[in-house]
Amino acid sequence: MTPNAHVPEGPIEKKWDTRRFEMKLVNPANKRKYKVIVVGSGLAGASAAASMAELGYDVDCFCYQDSPRRAHSIAAQGGINAAKNYRNDGDSVHRLFYDTVKGGDFRARESNVHRLAEISNQIIDQCVAQGVPFAREYGGLLDNRSFGGAQVSRTFYARGQTGQQLLLGAYQALMRQVDVGNIELHARHEMLDLIMVDGKARGVVVRDLISGEIKSYTADAVVLATGGYGNVYFLSTNAMGSNVTAAWRAHKHGALFANPCYTQIHPTCIPVSGDHQSKLTLMSESLRNDGRVWVPMERGDTRKAADIPEDERDYYLERIYPAFGNLVPRDIASRAAKNVCDEGRGVGPGGLGVYLDFTDAIERLGLDSVKAKYDNLFQMYERITGENPYATPMRIYPAVHYTMGGLWVDYDLESTIPGMFVVGEANFSDHGANRLGASALMQGLADGYFVLPSTIGDYLARGPAGAVPQEAIDEAETRVCEQVEKLLSIDGDRTVDSFHRELGQIMWEYCGMERTEEGLRKALELIPALREEFWQRVKVPGSGDDLNQSLEKAGRVADFFELAELMVVDALHRTESCGGHFRAESQDADGEALRDDVNFSYVGAWEWAGEGEQPILHKEALEFAYVKPSTRSYK
């Protein structure tokens, strides 16, 4: 099958208006007759649930955390993009659209990206009305700062806590609807399977993480807002609980998985300090506004930063990319950091780090000004490393952060399973092969507040779905119970974490910042062997009848094994370099990514073919009528 994106006809700036007018509507009095399940309560999930409940739908919202406030969206730091052009520096909806398509290395669907750029301005108005405390200039107007991949200042921010403040805004909207009875919130419940009837999504099976009880909930439509899958690498900037399970179980029911190999390696993370670590910590990209990235000129220079004279420092991003300097996109900054460290010029333990230096900014702006912008980030860095970044440059190194791939969706955000919609990072739709900074929050809120509440109504208006047969519920519950029992019955001699860590090392080594055909084929030997060992030797203590975090983790890691193999298959088939997918065999003379637009200008959407079977590739051709693919230069 060829995935049909159902993109409306007409000029790109009119497509969203056209689609909204064409949609069937649900009478306001009839909305309360429809039940919608939302899985996930981060920015995309909370905003979607709140908006649909505000419209009058009956909503069930699920999250595995003890509160929606603990969704990983709260960890976002730097900001949210919008084309307000408050700085009068040449920004516009078209420029945001252009920057996003180019930043994604021409591997995103133009129509979705343009809609995102259009909606961006509405998001800011919505959040200000909710009381989100964006930073303001002296005169009271909202402030902006720059982010990578743009030459304008379009990023709205709340110090280094933007995700937290935006999530609290969405959370209060969610809880208002809980209070009036339009939303039933189910915290500490994890989705483990999808209930299907006649090929349509009709509900979910969840496990109560406190009692262990397996429960089923049915609805007229299901929305997945379950985030990304970066934790397949074990070490990432994601929260420890972030996982792919909900999306992967849906994939097995027919939801195509698009571009799984597109993984974002964020350039400004605190370097790995030892084997004891279970996650990594992001330092916001906003720091590259004022921090300067450098390494020593000479290999093996172990002097302290303060002892290295200015003329013996290599500000390599400013040298290689003079037009954008330290604000090149994340994929380019990450590979550049890897290259200088591979040359033996890295700093810190193991030589796996580069400096992010604020000395010039403090001299130019003053200490108080730098503290006003970044102090909470500096405090976080000092707590983790024991070093004062006001006195000594930060040490940073790339780490797994965001996943551009996800479940395939059409223009309406509907997956290839009718009635199942996917929003936020869980879908693939807006970022192509590389996400520009400050675009994740923009997409999550655009999907949740503005797109989904319109498009889901068109699906629901086609007619009542009818009752869900008990047989369909029983089948789904049986699948869940069988896997739980299987995991508990193995009683092996290795911990879940030991398998996860080993899988992560394989993925980082062979499907990380740089991929080769030889390495990817090696990974396709190692992953199945390790997965087989997992099902023979994993030790899951306790039972399924109460709180059991080892059991939770085991189910998630089992899904990571299958996802990892698909990621490698996708990376192996795409013999080009683009964005976060860098094939060593496909680079130009300067070491820059070399795209192959003739053969790979498509979305690679994979179909689950069954246990032990090769996945089936489907292609959605990408057409660029408004932003013509060109050499992606930031020099």
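Here, the structure is the one placed above.
Residues numbered from 1 in each chain as written. Predicted model: local features only at pLDDT ≥ 70, side-chain atom pairs only at ≥ 80, totals over all residues. Heavy atoms only, no water.

Draft legend 1. Molecular detail of the overall build of the protein. Each helix and strand counted, the protein has 17 helices and 19 strands in total. Taking 635 residues into account, the globule formula puts the C-alpha radius of gyration at 26 Å, and the protein, at 24 Å, falls close to it. Along the first, second and third principal axes, the C-alpha set of the protein runs to 75 × 60 × 50 Å. A burial count over the protein gives 60% of its 635 residues as buried. Summarising the internal contacts of the protein: among those between residues at least 6 apart in sequence, 74% fall at separations of at least 24. Side-chain charges of the protein comprise 68 positive and 89 negative groups, with the mean position of each set lying 3 Å from the other. (Helix = DSSP H or I, 4+ residues; strand = E, 2+ residues; numbered from the N terminus. Rg over C-alpha atoms; globule rule 2.2 N^0.38 Å. Buried < 20%, exposed > 50% of the residue type's maximum accessible area, 1.4 Å probe, protein only. Contact = heavy atoms within 4.5 Å. Lys, Arg positive; Asp, Glu negative; His and termini not counted. Charge placed at Lys NZ, Arg CZ, Asp CG, Glu CD.)

Draft legend 2. Seen up close, the packing of aromatic side chains. Going through the model one piece at a time under the given rule, you end up with 21 aromatic pairs. When the ring of Phe534 is compared with that of Trp535, the centres are 5.3 Å apart and the planes differ by 90 degrees; the resulting orientation is edge-to-face. When its relative accessible area of 0% is taken as the criterion, Phe534 is described as buried. Taken together, the ring pairs connect Tyr229, Trp248, Phe257 and Trp608 into an aromatic cluster. The side chain of Arg115 reaches across the aromatic face of Tyr411, ending 4.1 Å from its centre. (Phe/Tyr/Trp six-rings, centres within 6.5 Å; stacked < 30°, edge-to-face > 60°. Lys NZ or Arg CZ within 6 Å of the ring centre and 35° of its normal.)

Draft legend 3. Expanded view of the pattern of salt bridges. Throughout the structure, instances matching the rule amount to 54 salt bridges. One salt bridge in this structure joins Glu565 and Arg531, with 2.7 Å as the shortest N-O distance. Here Glu565 is found in helix H16 (residues 549-573), whereas its partner Arg531 is found in helix H15 (residues 517-537), with 34 residues between them in sequence. (Salt bridge = Lys/Arg side-chain N within 4 Å of Asp/Glu carboxyl O.)

Draft legend 4. Main features of the side chain of Thr268. Assignment of secondary structure puts Thr268 in strand S11 (residues 263-269). The class of Thr268 is buried, set by a relative accessible area of 0%. Other than its neighbours up to four places away in sequence, Thr268 contacts Leu282, Met283, Ser284, Glu285, Arg288, Leu356, Ile396 and Tyr397.

Draft legend 5. View of H16. When the terminal C-alpha atoms of H16 are compared, their 36 Å separation across 25 residues agrees well with the 36 Å that a helix rising 1.5 Å per residue should span. Put simply, Asn548 is the residue that caps the front of H16, since its side-chain oxygen is 3.2 Å from the backbone nitrogen of Ser550. (Expected span 1.5 Å × (residues − 1). Polar contact = N/O pair within 3.5 Å; in protein donor to acceptor, adjacent residues only side chain to side chain.)

Draft legend 6. Up close: the packing of helix H1 (residues 15-22) against helix H12 (residues 440-460). The interhelical angle for the contact between H1 and H12, taken along N-to-C directions, is 35 degrees, at an axis separation of 9 Å. The element H1 and its partner H12 pack so that their crossing is left-handed. Facing Trp16, Arg19 and Arg20 of H1, the residues of H12 in contact are Phe450, Val451, Ser454, Thr455 and Asp458. Along the lines of polarity and charge, the residues of the contact of H1 with H12 split into 3 nonpolar, 2 polar and 3 charged. (Axes fitted to C-alpha atoms, helices over the stretch in contact; angles between N-to-C directions. Left-handed = near helix turned anticlockwise from the far one by under 90°. Nonpolar A, V, L, I, M, F, W, Y, C, P; charged D, E, K, R; others polar.)

Function-wise, these values are silent; they only describe arrangement.
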